[in-house]
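Observations on chain architecture
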Amino acid sequence: MTYQADDGRYERQPYNRSGRSGLKLPAVSLGLWHNFGDTRPIENSRAILRRAFDLGVTHFDLANNYGVPYGSAEQNFGRILREDFTPYRDELIISTKAGYDMWPGPYGEWGSRKYVLASLDQSLRRMGLEYVDIFYSHRPDPETPLEETMGALDRAVRSGKALYAGISNYSAEQTAQAARIMRELGTPLLIHQPSYSMINRWIEDGLLDAVEEAGMGCIVFSPLAQGLLTDRYLDGVPADSRAATSRFLSADRIDVDLARDLNEIARGRGQTLAQTALSWTLRDPRVTSVLIGASSVRQLEDNVACVDGPDFTEDELETIDKITAGYTTR
């Protein structure tokens, strides 16, 4: 059946300006890291993307090596984009990244001009696009001059293959340096993408200040701490859970008591634990958007509903701080 987007899609969530730029992003964006590769049914991916757009999620975030095998998330997204979303391309923000390992040899990762620009060309071919809206340096390269990596981002924008440039996983000091270089090149950085959650607060120690000072937005990933901040682990570690099956999360990192205590706060707010965790990351006005993953339409709908939650009271915030004190993960 031909997809027709919901006429009320822009009435369902707020859109926040990214720093001092002219671009607004939905409060909730969809990341395609885990659930859009060749190991997942494409019709499930299609259903999630359709429902996300109907709920006002206009931003889809990818990277060159997302999916199993690498690149398959971009390829599958490109197919669905072509078949379902072609009429809506100008309503979408599509982002991708380069930085982690993608192909063998010395030119297949990190931040050299060779790798960054070759990766962008490959991503565009996989998705069938002439340009992406945001192109990121996915991580800083300790051996390549920052001027070279930023120069590659500047080239990507000037060539028309990206509309905006961003960085991900950079420290506060690196962010300030990158922002200065890009200003001097005439292509200001749009946004920074760091990890952030109730139990992973490293960006509060200087990075949010650096982002604000540079006039950048901030879009955070892993706001649910790979599922720790959901109802998935309230009764232990299920055999089919990410903690039991994924290399990105181990069962020994699951704190059932912490999840249960936070869940009590969520219940008092009329939310699920995931909704409260997402609302919490959005409480700071410097956070432009929060990236969620979704393995089903139901999970997507539950998470996007975080925008309907109440504001946090001072008592709630203090209690959350006490519960999570001393628990850190990144």
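None of the values given here were measured: they were computed from a predicted structure.

Here is what the cut-offs are and how they apply
Residues numbered from 1 in each chain as written. Predicted model: local features only at pLDDT ≥ 70, side-chain atom pairs only at ≥ 80, totals over all residues. Heavy atoms only, no water. Pairing = 2+ DSSP bridges. Helix = DSSP H or I, 4+ residues; strand = E, 2+ residues; numbered from the N terminus. Axes fitted to C-alpha atoms, helices over the stretch in contact; angles between N-to-C directions. Salt bridge = Lys/Arg side-chain N within 4 Å of Asp/Glu carboxyl O. Buried < 20%, exposed > 50% of the residue type's maximum accessible area, 1.4 Å probe, protein only. 1 Å grid on protein atoms, 1.4 Å probe; cavity = no way out; pocket = protein on both sides within 12 Å on 5 of 7 lines; lining within 4 Å. Points joined across faces, edges and corners; volume = space filled by probe spheres on them. Nonpolar A, V, L, I, M, F, W, Y, C, P; charged D, E, K, R; others polar. Arc of directions from axis to C-beta. Contact = heavy atoms within 4.5 Å. Phe/Tyr/Trp six-rings, centres within 6.5 Å; stacked < 30°, edge-to-face > 60°.

Ordered by their spatial adjacency, eight strands build a closed barrel running β3-β4-β5-β6-β7-β8-β9-β10, and the pairing between neighbours is parallel. Taking the axes of each pair of neighbouring strands and ignoring which way they run, one obtains an average angle of 30 degrees across the sheet. As defined by bridge partners, strand β3 (residues 28-31) adjoins strand β4 (residues 59-61) across two bridges and the pair is classed as parallel. Counterpart to G31 in the pairing with β4 is D61.

Tallied over the full model, the rule gives 22 salt bridges. Between R139 and E109 there is a salt bridge, and its shortest N-O distance comes to 2.8 Å. Of this pair, R139 sits in the loop between β6 (132-137) and α4 (146-158) while E109 sits in the loop between β5 (93-98) and α3 (113-127), and the two are 30 residues apart along the sequence. Between R269 and E316 there is a salt bridge whose closest N-O contact spans 3.0 Å. You can see R269 sitting in helix α8 (residues 256-269) and its partner E316 sitting in helix α11 (residues 314-324), a full 47 residues away along the chain. Through salt bridges with shared partners, a single network forms among E43, R46, R50, R79, E83 and D84.

Bringing unusual backbone geometry into the picture now. The omega torsion across V68 and P69 is 0 degrees, close enough to zero to call that bond cis. Its place among the elements puts P69 in the loop between β4 and α2 (72-85). The phi torsion at S222 lies on the positive side, around 55 degrees, for a residue other than glycine. With respect to the element layout, S222 can be found in the loop between β9 (217-220) and α7 (242-245). Despite not being glycine, Q226 has its phi angle at roughly 60 degrees, a positive value. Here Q226 lies in the loop between β9 and α7. For Q226, a relative accessible area of 13% puts it in the buried group.

Take the pairing of β5 next. For β5, the buried fraction is high: six of the six residues fall into the buried class. Where burial is concerned, the two faces of β5 agree: the one with I93, S95 and K97 and the one with I94, T96 and A98 are both buried. Two strands pair when backbone bridges link them, and β4 and β5 are joined in this way by three bridges, in the parallel orientation. Looking across to β5, one finds that H59 is bridged to I93.

Once rolled over the atoms, a probe with the size of a water molecule shows which space is left empty. Its boundaries defined by the atoms lining it, the second largest pocket holds a volume of some 300 Å³. Split into classes, the residues belonging to the lining of the second largest pocket amount to nine nonpolar, three polar and three charged.

Now for helix α10 (residues 297-304). Turning to α10, its buried residues are L300, N303 and V304. Along the long axis of α10, the arc covered by the buried residues comes to 95 degrees, so they all point the same way. Where α10 is buried, its residues touch β3, α1 (42-54), α9 (273-281) and β10 (289-292).

This part covers the packing of aromatic side chains. The tally for this structure, following the rule as stated, stands at 10 aromatic pairs. Taking the centre distance of 6.1 Å and the plane angle of 55 degrees together, the rings of Y10 and Y15 count as tilted. For Y10, a relative accessible area of 38% corresponds to the partly exposed category. For Y15, a relative accessible area of 23% corresponds to the partly exposed category. Each ring, one from Y196 and one from W280, has its centre 5.3 Å from the other, and the planes form 35 degrees; the classification is tilted. Taken together, the residues Y196 in the loop between β8 (191-193) and α6 (207-214) and W280 in helix α9 connect sequence positions 84 residues apart. Residue Y196 is classed as buried on the basis of its relative accessible area, which comes to 0%. When its relative accessible area of 1% is taken as the criterion, W280 is described as buried. In this structure an aromatic cluster arises from ring pairing among Y3, F53, F60, F77, F85 and Y88.

By themselves, these observations are geometric and do not establish any function.
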